[in-house]
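For reference, the chains in residue letters:
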Amino acid sequence: MGLSTITTVTANVIATAELTIDTPGEGFIDITAEVRHFADKATARDGTVSLFLRHTSASLTIQENADPDVLRDLTTALRHLAPRDFGWIHDTEGPDDMPAHVRTMLTGVSLQIPIVGGHLALGTWQGIYLIEHRARPHRRQIILQFAGSQRG
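Below, the structure is looked at part by part.

Conventions adopted
- Residues numbered from 1 in each chain as written.
- Predicted model: local features only at pLDDT ≥ 70, side-chain atom pairs only at ≥ 80, totals over all residues.
- Heavy atoms only, no water.
- Pairing = 2+ DSSP bridges.
- Helix = DSSP H or I, 4+ residues; strand = E, 2+ residues; numbered from the N terminus.
- Axes fitted to C-alpha atoms, helices over the stretch in contact; angles between N-to-C directions.
- Contact = heavy atoms within 4.5 Å.
- Phe/Tyr/Trp six-rings, centres within 6.5 Å; stacked < 30°, edge-to-face > 60°.
- Buried < 20%, exposed > 50% of the residue type's maximum accessible area, 1.4 Å probe, protein only.
- Arc of directions from axis to C-beta.

Strand order in the open sheet made by the 5 strands is S1-S8-S3-S5-S6, with antiparallel pairing throughout. One side of each edge strand has no neighbouring strand; the edge strands of this open sheet are strand S1 (13–22) and strand S6 (119–120). As defined by bridge partners, strand S5 (residues 110–116) adjoins S6 across 2 bridges and the pair is classed as antiparallel. The residue of S6 that forms the bridge with Val116 is His119.

Have a look at this one:
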């Protein structure tokens, strides 16, 4: 075990924006480039970018971005964990609504990612994803917020 050298900066900015994503229906949508673009526009140097999804039937996750089979298998796993035909009581918005709420509860609606030296501190094979849990397309909003120090 070993701890790296601790670095400190004075946070001098909080930058906020809303990212709107039109989803094609159920599945994973890679939003890594959009989050990087936000951090770049905020001139982020060191700090944290927070993502908050303003919905209860979609979610956010960090997952492997190299092999698309991983995302297909994760979709299958979520379908098995919260199937449409489970006998849900809540079906006001259709048979995929309640399973979508359960899947969101399992995966979450917020993320925090460190920014170090102006770069998202993601691992080599990590990507940031919006997961659409509903069958039909939706328009989703994500609040992005950077808190930390700025470049130059």
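On to the sheet that holds strand S7 (residues 126–132). If you walk across this open sheet you meet the 3 strands as S2-S7-S4, and the pairing is antiparallel. Strand pairing shows two members of the sheet lacking a second neighbour, strand S2 (27–30) and strand S4 (58–64), which therefore form its edges. Pairs of neighbouring strands in the sheet enclose a mean axial angle of 35°, with direction left out of account. Relative to S7, S4 is paired through 7 bridges, and the arrangement is antiparallel. Bridge pairing links Ser59 to Ile131 in S7.

Turning our attention to the side chain of Ser57. Assignment of secondary structure puts Ser57 in the loop between strand S3 (44–53) and S4. Discounting residues that sit within four places of it in the chain, Ser57 has contacts with Asp97, Ala100, His101, Thr104, Glu132, His133, Arg134 and Arg140.

Another point: the packing of aromatic side chains. Throughout the structure, instances matching the rule amount to 2 aromatic pairs. With centroids separated by 5.9 Å and ring planes inclined at 80°, the aromatic side chains of Phe28 and Tyr129 adopt a geometry described as edge-to-face. With a gap of 101 residues between them, Phe28 in strand S2 and Tyr129 in strand S7 connect regions that are remote in the sequence. For the pair Phe28 and Tyr129, one class covers both residues: buried. Centre to centre, the rings of Phe86 and Trp88 are 4.7 Å apart; their planes meet at 40°, and the pair counts as tilted.

Three or more residues of helix H1 (residues 32–41) are buried, namely Thr32, Val35, Phe38 and Ala39. Buried residues of H1, seen end-on, are gathered within an arc of 125° and therefore sit on one face of the element. Within H1, the exposed residues directed more than 90 degrees away from the buried face are Ala33 and Lys41. Of the residues one or two after H1, Thr43 is the one with positive phi, at around 50°.

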